[in-house]
Amino acid sequence: MWFKNLKLFQLTSPLSFDDDALQEQLAAMSFRPCGSQDLVTMGWTSPFPKSEILFHKVDQRYWFSLKKQERLLPAAVINAELAEKVAQIEADTGAPVSKKAQTDLKQEIVMRLLPQAFTKNSFVQGFVCTLTNVVVVDTSSDGSAEAFLASLRKCIGSLPVVPFAKSTQQALLTDWVMKDAPANVELLDEAEFKSPAEDGAVIRCKAQDLDAPEMLAHLQNGMLVQKLAIAWNERLTCLLCEDLSIKRLKFTDIVKEENQDVPKDEVNARLDADFTLMSAEVVEFTTALKSMFSLDAE
C-alpha cells in the first residue's frame, strides 16, 4: 500500500473528525457492486481486508479507500452489433435508419449486453492529516483526485481544500538546477525542460548529468524546469513536478527496513505499520516542501 503518485492539497480551515460519526457518514456511500444495468459504481471500502471499518486512523492521519467498479463493454463490440442491426433494418424496410433511431438502437444494445459484461475494479487511496491540514491522494490523475475529494466532501459535508501550490514552481525548480538545491535535497539524473512559449519545445532527459554545459545552456536560453528527479533526506526519491505533484515516489531501504520485524502473513498489522511509516514520511516531506517553496506565503 505504499503510495506511488501524489496529488497534494491544503485544507483552508482546520478539520476534525468524530470517529463514530465518520463511520456512519462513509457508510452512507459504501461501495456496492455494479447491478445488471450499471455501467459504473463507486464507494468507500475498508483499507483493511474483511473489515467493516471504512477508514483507518493513525496519529490524526485518516486513511480512506475509494473503490470503483466498471463494466467493460468494448465500443467495437457495440458498434459491430449496431452495424449489423442497422443493415438488417435497412434491408427489410428499404429506407435508411436515422441518427436518432441509431442512437436508440445503440442504447438498447448496451442495456442488453451490460449484464454479460466483465467488471473491473480500481482503487484510489488517500489520507487526511488533521494536524498539518494536508490531504494526500495516491494518483497521477487529476480526475481521480477530484473524484476522491468530491466523494469525501459528499459524505462529511465540507472539505475546503486548494491545490498545494497555487502557482507554478518552475522558476524555483530551475534555480535548483542552475544554482543550488536546498539542504537535504539531492538532484538526480532526470528532468524535463519546457519553453515558456505557448507552443514551446519540451526536452526530456534521463541518465543525464544536469550540471553538464549542454543541459545548462537550455536553461540559460530561457527554458524552465517542468519536472525534476530528486532524493530527499536519504528517505525517499521522486519526480517532483512544477505544480508540486509527485510521481514515482519510492522510499529508501532505510525507511522500509523499519518495518521488517512485522510478519508479512499478519496482513492487517503489516498494513497498519506500513501506513504509519509511509504517511509520517509523506507528511514530513510535505512540510519540507512548504518551507522550501514558501507556500505559507502564497
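Residues numbered from 1 in each chain as written. Predicted model: local features only at pLDDT ≥ 70, side-chain atom pairs only at ≥ 80, totals over all residues. Heavy atoms only, no water.

**Student:** Tell me what's going on with the overall build of the chain, and back it up with residues and numbers.
**Tutor:** Across its full length, the chain holds 8 helices and 12 strands. For the chain, whose C-alpha radius of gyration is 24 Å, the value lies well above the compact-globule estimate of 19 Å for 298 residues. Along the first, second and third principal axes, the C-alpha set of the chain runs to 75 × 55 × 40 Å. Every one of the 298 residues in the chain was classed for burial, and the buried ones make up 44%. By sequence separation, contacts in the chain at least 24 residues apart represent 68% of the contacts at least 6 residues apart. Carbon and sulfur atoms make up 50% of the accessible area of the chain, which totals about 15,800 Å². Positive and negative charge centroids in the chain, built from 31 and 43 side chains respectively, lie 6 Å apart. (Helix = DSSP H or I, 4+ residues; strand = E, 2+ residues; numbered from the N terminus. Rg over C-alpha atoms; globule rule 2.2 N^0.38 Å. Buried < 20%, exposed > 50% of the residue type's maximum accessible area, 1.4 Å probe, protein only. Contact = heavy atoms within 4.5 Å. Areas by Shrake-Rupley, 256 points an atom, 1.4 Å probe, with all protein chains shown as cover. Lys, Arg positive; Asp, Glu negative; His and termini not counted. Charge placed at Lys NZ, Arg CZ, Asp CG, Glu CD.)

**Student:** Please set out a negative patch on the surface residue by residue, giving values where relevant.
**Tutor:** A surface patch of like charges, here negative, comprises Asp189, Asp209, Asp211 and Glu214. By secondary structure assignment, the location of Glu214 is in helix α6 (residues 213–220). (Patch = residues over 30% accessible without salt bridge, like charges linked within 9 Å, V, L, I, M, F, W, Y side chains within 5 Å. Salt bridge = Lys/Arg side-chain N within 4 Å of Asp/Glu carboxyl O.)

**Student:** Which residues make up the nonpolar core, and what are the values?
**Tutor:** By size, the foremost hydrophobic cluster in this structure holds 50 residues, and its most contacted members are Trp176, Leu228, Leu240, Ile246, Leu289 and Phe293. If one sorts the elements of this core by residue count, helix α8 (residues 267–292) sits on top with 10 residues. Setting aside chain neighbours within four positions, we find Leu289 in contact with Leu8, Phe164, Leu240, Ile246 and Leu295. Counting residues in hydrophobic clusters, the runner-up holds 25 residues, among them Trp44, Tyr62, Phe64 and Leu152. (Core = buried A, V, L, I, M, F, W, Y, C linked by side-chain atoms within 4.5 Å.)

**Student:** Could you give me a rundown of the packing of helix α2 (residues 75–93) against helix α3 (residues 99–113), with the residues and numbers involved?
**Tutor:** Pairs of packed helices are described in terms of their axes, by the angle between the two and the distance that separates them. Contact geometry for α2 and α3: axes closest at 10 Å, N-to-C directions at 130°. One element, α2, and the other, α3, form an angle in the oblique class. The interaxial crossing formed by α2 with α3 has right-handed handedness. Two secondary-structure elements touch here, α2 through Val77, Ile78, Asn79, Glu81, Leu82, Lys85, Val86 and Ile89 and α3 through Gln102, Leu105, Lys106, Ile109, Val110, Arg112 and Leu113. Residues belonging to the contact of α2 with α3 are distributed by class as follows: 9 nonpolar, 2 polar and 4 charged. (Axes fitted to C-alpha atoms, helices over the stretch in contact; angles between N-to-C directions. Parallel < 35°, antiparallel > 145°, perpendicular 65-115°, else oblique. Left-handed = near helix turned anticlockwise from the far one by under 90°. Nonpolar A, V, L, I, M, F, W, Y, C, P; charged D, E, K, R; others polar.)

**Student:** Lay out helix α4 (residues 142–156) in plain terms, naming residues and giving numbers.
**Tutor:** For α4, built from 15 residues, the straight-helix expectation of 21 Å at 1.5 Å per residue is met to within 8% by its first-to-last C-alpha distance of 21 Å. All of the buried residues along α4 are Ala145, Phe148, Leu149, Ser151, Leu152, Cys155 and Ile156. The arc that holds every buried residue of α4, seen down its axis, measures 160°, which confines them to one face. Residues of α4 that are exposed and point more than 90 degrees away from the buried face comprise Asp142 and Lys154. Residue Ser141 occupies the N-cap position of α4, its side-chain oxygen lying 3.2 Å from the main-chain nitrogen of Gly143. The positive-phi residue at the C-terminal boundary of α4 is Gly157, with phi of around 95°. (Expected span 1.5 Å × (residues − 1). Arc of directions from axis to C-beta. Polar contact = N/O pair within 3.5 Å; in protein donor to acceptor, adjacent residues only side chain to side chain.)

**Student:** Go over the side chain of Gln69 with me, naming the residues and quoting the values.
**Tutor:** Among the secondary structure elements, Gln69 is positioned in strand β4 (residues 61–72). Relative accessible area serves as the criterion here: at 8%, Gln69 is assigned to the buried category. Within polar-contact distance, the side chain of Gln69 engages the side chain of Asn121 at 2.8 Å. In contact with Gln69, other than residues within four places in its own chain, are Phe31, Pro33, Cys34, Leu39, Val40, Thr41, Thr119, Lys120 and Asn121.

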